[in-house]
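Tertiary structure, described
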Amino acid sequence: MPEKYLENCLYFTVNKLSRVISKMAEESFRPTGITPTHGFMMMLVNDKPGISQSELAEELHMTPSTITRFVDKLVVKGLAERKVQGKMSHIHPTQAGTEIQTDLEKAWKALYRTYSSLLGEEEGKALTKATHLAAGQLES
């Protein structure tokens, strides 16, 4: 009977999915030397040099204090630099940060291939879309 509760519990199911996909992402991003979250943050910084920390927080759905810690790590690794203008911090890629972009894209594609091979490509896309839409609705 407890299995039935767990199978029908969105909280438990989403957390289980998160643990599984996190392991896959960590494996895919391992060759880059940074975590998947740092990798996605770095891709945003490369895509929009000068992005503000508040924009990063909004894009990644993370708190400003978490963004600060993640940016600090990218700065220490020499991948990004913080430029302060008034009260706003803007994040720019360093040369090393720009150079890692290809590896980050390869890692992202490897992650996609891994879960697509298990779920099927269309099912993976449908699950991603449904999860994104549900998160948006629940966040409101």
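Residues numbered from 1 in each chain as written. Predicted model: local features only at pLDDT ≥ 70, side-chain atom pairs only at ≥ 80, totals over all residues. Heavy atoms only, no water.

By the naming in an unreviewed UniProt entry, the protein is MarR family transcriptional regulator, taken from Fictibacillus norfolkensis.

**Here's the deal with the packing of aromatic side chains**
Scanning the entire structure with this criterion turns up 3 aromatic pairs. Look at Phe 29 and Phe 40: their rings are 5.4 Å apart centre to centre, the planes differ by 45 degrees, and that puts the pair in the tilted class. One end of the pair, Phe 29, is in helix H2 (residues 10-29); the other, Phe 40, is in helix H3 (residues 36-47), and 11 residues separate them in sequence. Taking relative accessible area as the criterion, Phe 29 reaches 0% and is therefore assigned buried. On the numbers, 5.5 Å between centres and 80 degrees between planes, the contact of Phe 40 with Trp 108 is edge-to-face. Of this pair, Phe 40 sits in helix H3 while Trp 108 sits in helix H7 (residues 101-119); the two residues are 68 residues apart in sequence, bridging distant segments of the chain. Judged by relative accessible area, which is 26%, Phe 40 ranks as partly exposed. In this structure Trp 108 comes out as partly exposed when scored by relative accessible area, which is 46%. Three or more aromatic residues link up through ring pairs in this structure, and these residues are Phe 29, Phe 40 and Trp 108. (Phe/Tyr/Trp six-rings, centres within 6.5 Å; stacked < 30°, edge-to-face > 60°. Helix = DSSP H or I, 4+ residues; strand = E, 2+ residues; numbered from the N terminus. Buried < 20%, exposed > 50% of the residue type's maximum accessible area, 1.4 Å probe, protein only.)

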